[in-house]
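Chain by chain, the residues:
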Amino acid sequence: MGYLSQKKHQIRENLFLNVTSVVLTFFTLLSLINLDFDFSFPNLFQLYVFSFLMFGYSLIVKKYKISLIFIMLFLINYTALSASGNIFLSESYDGKQKIELVFDENLEISSSLPKDSGLTGSLVLADNITAPFIKGEKNHPITIIKVDLRKIKSDTRKRIFNQLRNFIIKQDGPVVVYGEFGVPSWNKHLKKFMLQTRLSVKNRVFLTKSSYLKFFTMPSFYVLGFNNTGIDNLRIEEGKSSSNIKFDLIF
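This is a predicted model, so every value here is computed, not measured.

As a packed pair, helix α4 (residues 154–168) and helix α5 (residues 188–197) sit with axes 10 Å apart at the nearest point and diverge in direction by 10°. Comparing the axis directions of α4 and α5 gives the class roughly parallel. Facing Ser-154, Lys-158, Phe-161, Leu-164, Arg-165 and Ile-168 of α4, the residues of α5 in contact are His-189, Leu-190, Phe-193, Gln-196 and Thr-197. Partitioned by chemical class, the residues of the contact of α4 with α5 number five nonpolar, four polar and two charged.

Inspection of the entire model under this criterion finds 11 aromatic pairs. Note on Phe-161 and Phe-193: the rings are 5.2 Å apart at their centroids and 20° apart in plane angle, and the pair reads as stacked. Residue Phe-161 is located in helix α4, and its partner Phe-193 is located in helix α5; the two are separated by 32 residues in the primary sequence. Each ring, one from Phe-181 and one from Tyr-222, has its centre 6.2 Å from the other, and the planes form 55°; the classification is tilted. Taken together, the positions of Phe-181 in the loop between β6 (175–180) and α5 and Tyr-222 in strand β10 (residues 221–225) put the pair 41 residues apart, joining distant regions of the chain. For the pair shown, Phe-181 and Tyr-222 are each scored as buried. Among the aromatic residues, ring-to-ring pairing joins Tyr-48, Phe-52, Phe-74 and Tyr-78 into one connected group.

We now examine the side chain of Asn-203. Looking at the element boundaries, Asn-203 is found in the loop between β7 (200–201) and β8 (208–209). In terms of polar contacts, Asn-203 uses its side chain to reach the backbone carbonyl oxygen of Phe-221, at 3.2 Å. When residues no more than four places from it in sequence are discounted, the contact partners of Asn-203 are Asn-86, Ser-90, Phe-221, Tyr-222, Val-223, Ile-231 and Leu-234.

A grouping of Leu-32, Ile-69, Met-72 and Ile-76 is seen on the molecular surface, where their side chains present a nonpolar patch of about 310 Å² in accessible area. Per element, the largest residue contribution to the nonpolar patch is three residues, and it comes from helix α3 (residues 64–84). Structurally, Ile-76 is set in helix α3. A relative accessible area of 33% places Ile-76 in the partly exposed class.

Strand order in the open sheet formed by four strands is β2-β1-β12-β11, with antiparallel pairing between adjacent strands. Bordering the open sheet on either side are β2 (110–111) and β11 (230–238), each of which pairs with just one other strand. Bridge count for strand β1 (residues 98–103) against strand β12 (residues 243–250) is six bridges, and the pairing is antiparallel. When the bridges of β12 are listed, Leu-101 appears paired with Phe-247.

Below, the discussion takes up the pattern of salt bridges. Under the defined criterion, the tally for this structure stands at five salt bridges. Between Arg-235 and Glu-100 there is a salt bridge, and its shortest N-O distance comes to 2.6 Å. Taken together, the residues span a long stretch of sequence, with Arg-235 in strand β11 and Glu-100 in strand β1 at a distance of 135 residues. The structure contains a network of salt bridges with shared partners spanning Glu-105, Asp-148 and Arg-150.

The next thing to look at is α5. Every buried residue belonging to α5 is among His-189, Leu-190, Phe-193, Met-194 and Thr-197, and all of these are buried. Burial along α5 is one-sided: seen end-on, the buried residues are contained in an arc of 135°. Facing away from the buried side of α5 by over 90 degrees, the exposed positions are Lys-192 and Leu-195. For α5, the elements touching its buried residues are α3, α4, β7 and β10.

Cut-offs and rules
Residues numbered from 1 in each chain as written. Predicted model: local features only at pLDDT ≥ 70, side-chain atom pairs only at ≥ 80, totals over all residues. Heavy atoms only, no water. Axes fitted to C-alpha atoms, helices over the stretch in contact; angles between N-to-C directions. Helix = DSSP H or I, 4+ residues; strand = E, 2+ residues; numbered from the N terminus. Parallel < 35°, antiparallel > 145°, perpendicular 65-115°, else oblique. Contact = heavy atoms within 4.5 Å. Nonpolar A, V, L, I, M, F, W, Y, C, P; charged D, E, K, R; others polar. Phe/Tyr/Trp six-rings, centres within 6.5 Å; stacked < 30°, edge-to-face > 60°. Buried < 20%, exposed > 50% of the residue type's maximum accessible area, 1.4 Å probe, protein only. Polar contact = N/O pair within 3.5 Å; in protein donor to acceptor, adjacent residues only side chain to side chain. Patch = residues over 30% accessible without salt bridge, like charges linked within 9 Å, V, L, I, M, F, W, Y side chains within 5 Å. Areas by Shrake-Rupley, 256 points an atom, 1.4 Å probe, with all protein chains shown as cover. Salt bridge = Lys/Arg side-chain N within 4 Å of Asp/Glu carboxyl O. Pairing = 2+ DSSP bridges. Arc of directions from axis to C-beta.

Right under this line is the structure:
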């Protein structure tokens, strides 16, 4: 490679690294600031992976100064992710009771609980938005709520979280809320809801489907529970019209 060609290659390489570092920094800050609008892409998980890859690339091409920026972005995104959810592994619990739950298009909760095992009902969250729930009795002293908050405006979602919070704090025993929340776990309204109710994310953020990874999909399906609950055997199965998410709730 001639001198001029090598010089042009270095200029393009430096430009690529500088522009990438600026873009990653911008989106990292935007995700962490978490303004009132629902910021969806790129999300923290993608930023976490891209910053690690760019850190490795900058070391390979011996750009050590800019590699410090990428490793710093990697650590920031990792800290934010681990503080609001589990990345690759679901949270288990050594409990004696197990219930299989399904998230599907049905308006009711699909579970392995016997139909006469407790009280069933529907919680009104907002106009034309409800959430089915089960309040187990006898051998299953637990309250399970299923939500689907996709395609809902931010202001409405805030009111829904308030309704859920008011319902949850009145319950005795374990409470589990699962389903599509429409926002990632680092969304400030969802984080506030979890803080107020003492719920935390039990499932892994990074879901897999069939034989491929859904890398560019914003994580919005969550199983939220107290410290005395966990999940196992989380999987995605193809239904008649859509994919169903199944898991075993342990408490």
